[in-house]
Each structure stands twice: as C-alpha cells, then as structure tokens.
Amino acid sequence: MNWLGWLSALPLTSGGLSFTYYVIAFILALLVLAAGIGAWWIRTDAGSQTVDSERLLNAFDEPVAVLDPEDDVLLANVPFRTIFDSDVEGKAAADVFEAHDDLATAVADKAEITTELQTDGESRTYQLHLYPMGAQPRPPRNWVVVLHDVTEHEVREAELEAENEQLEQFASLISHD
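The following paragraphs examine the structure supplied in this document. (Residues numbered from 1 in each chain as written. Predicted model: local features only at pLDDT ≥ 70, side-chain atom pairs only at ≥ 80, totals over all residues. Heavy atoms only, no water.)

## Section: the sheet that holds strand β1 (residues 64–67)
How we decide: What makes two strands pair is DSSP finding at least two bridges between them. Runs of E in the DSSP output that reach at least two residues are strands. Runs of H or I that reach at least four are helices, and both are numbered from the N terminus. In this analysis an axis means a line fitted to C-alpha atoms, helices contributing only their contacting stretch, and an angle means the value between N-to-C directions, from 0 to 180 degrees.
Spatial ordering of the open sheet is given by β2-β1-β5-β4-β3, a layout of 5 strands whose pairing is antiparallel. Each edge of the open sheet is held by one strand with a lone partner, namely β2 (73–76) and β3 (113–119). Sheet twist, expressed as the average angle between the axes of neighbouring strands with direction ignored, equals 30°. As paired elements, β1 and strand β5 (residues 142–149) share 4 bridges and run antiparallel to each other.

## Notes on the environment of V64
Cut-off, in case you're wondering: Contact between two residues is taken to exist if any of their heavy atoms lie within 4.5 Å; hydrogens are not considered.
Mapped onto the secondary structure, V64 falls in strand β1. Residues contacting V64, with those up to four places away along its chain left out, are L57, L75, A76, N77, F80, V144, V145 and V146.

## A look at the packing of aromatic side chains
Let me state the cut-off plainly: We call Phe, Tyr and Trp rings a pair once their centres come within 6.5 Å, taking the six-membered ring for Trp, and we label the pair stacked below 30 degrees between planes, edge-to-face above 60, and tilted otherwise. Remark: exposure states derive from per-residue accessible area (1.4 Å probe, protein chains only) relative to the maximum for the residue type, with buried under 20%, exposed over 50%, and partly exposed in between.
This structure, assessed with the given rule, holds 3 aromatic pairs. Considering the side-chain rings of F80 and F84, the 4.7 Å spacing of their centres and the 40° angle between planes classify their relative orientation as tilted. Comparing F80 with F84, the two get one shared label, buried. On the basis of an interplanar angle of 85° and a centroid distance of 5.0 Å, the ring pair of F84 and F97 is categorised as edge-to-face. Remark: F97 occurs in the loop between α4 (93–96) and α5 (101–109) and F84 occurs in the loop between α3 (78–83) and α4; sequence separation between them is 13 residues. Residue F84 is classed as buried on the basis of its relative accessible area, which comes to 16%. Taken together, the ring pairs connect F80, F84 and F97 into an aromatic cluster.

## Here's the deal with a negative patch on the surface
Convention followed: To count toward a patch, a residue needs a relative accessible area over 30% and no salt bridge; like charges are then connected within 9 Å, while nonpolar side chains (Val, Leu, Ile, Met, Phe, Trp, Tyr) are connected within 5 Å. Note on areas: Shrake-Rupley, 1.4 Å probe, and residue coverage restricted to the protein chains presented here. Any carboxyl oxygen of Asp or Glu within 4 Å of a side-chain nitrogen of Lys or Arg constitutes a salt bridge here. When charges are counted, Lys and Arg contribute as positive and Asp and Glu as negative, whereas His and the chain ends are disregarded. Lysine's charge is taken at NZ, arginine's at CZ, aspartate's at CG and glutamate's at CD.
Where like charges cluster on the molecular surface, the negative patch consists of E116, E154, E157, E161, E165 and E168. It is helix α6 (residues 151–176) that provides the largest number of residues to the negative patch, a total of 5 residues. Among the secondary structure elements, E165 is positioned in helix α6.

## Regarding α5
Just so we agree on the cut-off: Comment: arc refers to directions from the helix axis out to C-beta atoms.
Residues of α5 that are buried: L103, A104, A106 and V107. For α5, the arc enclosing every buried residue in end-on projection is 165°, short of the 170-degree limit, so these residues lie on one face. Seen from the buried face of α5, the exposed residues on the opposite side, beyond 90 degrees, are D101, A108 and D109. As for α5, its buried residues are in contact with β1, α4, β3, β4 (122–133) and β5. Positive phi shows up at K110, right after α5, with a value of about 55°.

## Regarding the nonpolar core
Here is the rule: As used in this record, nonpolar core signifies buried Ala, Val, Leu, Ile, Met, Phe, Trp, Tyr and Cys residues forming a set joined through side-chain atoms within 4.5 Å.
Of all hydrophobic cores here, the largest spans 22 residues; its most connected members are F80, F84, F97, L128 and L147. Of all the secondary-structure elements, those providing two or more residues to this core are β1, β2, α3, α4, α5, β4 and β5. Broken down by element, this core gets its largest block of residues, 4 residues, from α5. Ignoring any residue separated from it by four or fewer positions in sequence, one finds F80 in contact with P63, V64, A65, D85, V88, V96, F97 and L147. L57, V64, V66 and V144 belong to the second-largest nonpolar core, a separate cluster that totals 6 residues.

## Digging into unusual backbone geometry
Phi at D71 takes a positive value of approximately 65°, unusual for a residue other than glycine. The residue D71 is located in the loop between β1 and β2 in this model. On the accessibility criterion, D71 (15% relative accessible area) is buried. Unusually for a residue other than glycine, K110 sits at a positive phi of about 55°. Secondary-structure assignment places K110 in the loop between α5 and β3.

Here it is as structure tokens:
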C-alpha cells in the first residue's frame, strides 16, 4: 500500500484520476479560499475596534483625536476634550475647530501647522500633526490628529536667539576696538 493509504485504491473510472486527487484538490481549494478570506479580514481591519481604544488614547499626555474619512471625530482623549469640548465624538472637525480657523483649514487640507491655543488660562504653542491610519498606498481610512505642545521649545529658541544677538553685538564691539 502506498503513502495515501486506502484513498489511492478508489479509482473513479478506469484510466481516470483517482478519488484521492479530487479530495486533495478540494482541500487545497478550501485552503486558498480561507487564506483569501483571512487576508481580506486583516486588510480591512474588520472587527478591529476594541473597547481599549479610548484607554489607549488617554495614555497620551498630548491632545489626540481620531477622525474618520469624512473628518468626523471618532475618539478623543481627555487633553483634547479639555482644550476643545468635552463632547466632541461624532462632531465634524470643522465644528470642533470652528473657533480656530487655521486648525480647521489644516485638518481639511491634511497640512501641519503651528498655532497658539488657550489652555487653562494660558497661551500655549502647538504643532498640529496628522497621521494616516491604514496600509499605504491605498487612501487612509482614518486620521490621527496630534497636537504637540512646543511652548517650551519656542521659549528656549527665543532665549537662544536673544543670546546670539547679544554675542554678535559683543563681537562687533570687540572687533571695532
């Protein structure tokens, strides 16, 4: 008896393929179909929304929101809600950023900008960054909006520029002597 066992002994017709070949072909077809369905499931992220997505966003100290392809807010963390509104989910980004035309325009154009925002009674400088979600090169399904607080960086940069100007003045005084 060969390695296929009893299946190889079941010829369908004389001179035709045996039953074993049809069983193997059927199993291979099922495997290819299952691999295709699995690849589609992974590619479309079907069922990927989990309960932990809001907890993940709240792990960030900086304001973060997730926008759908129509630029409606799907999720937002606590710092984002503190700056803009506590009830932003489901609202259009244009409505959320209506008091800040530069942010609304940047989100619509998917551009990165630096802007001033009032938080807790003080003016802070933020850089708006938009990150596409989803495998490229196809168009992203959702966008992650992150507002990086660059206030300290801006202050330090201004201090360095002032120091450089003082050094240049000092150097020009010494060169004249």
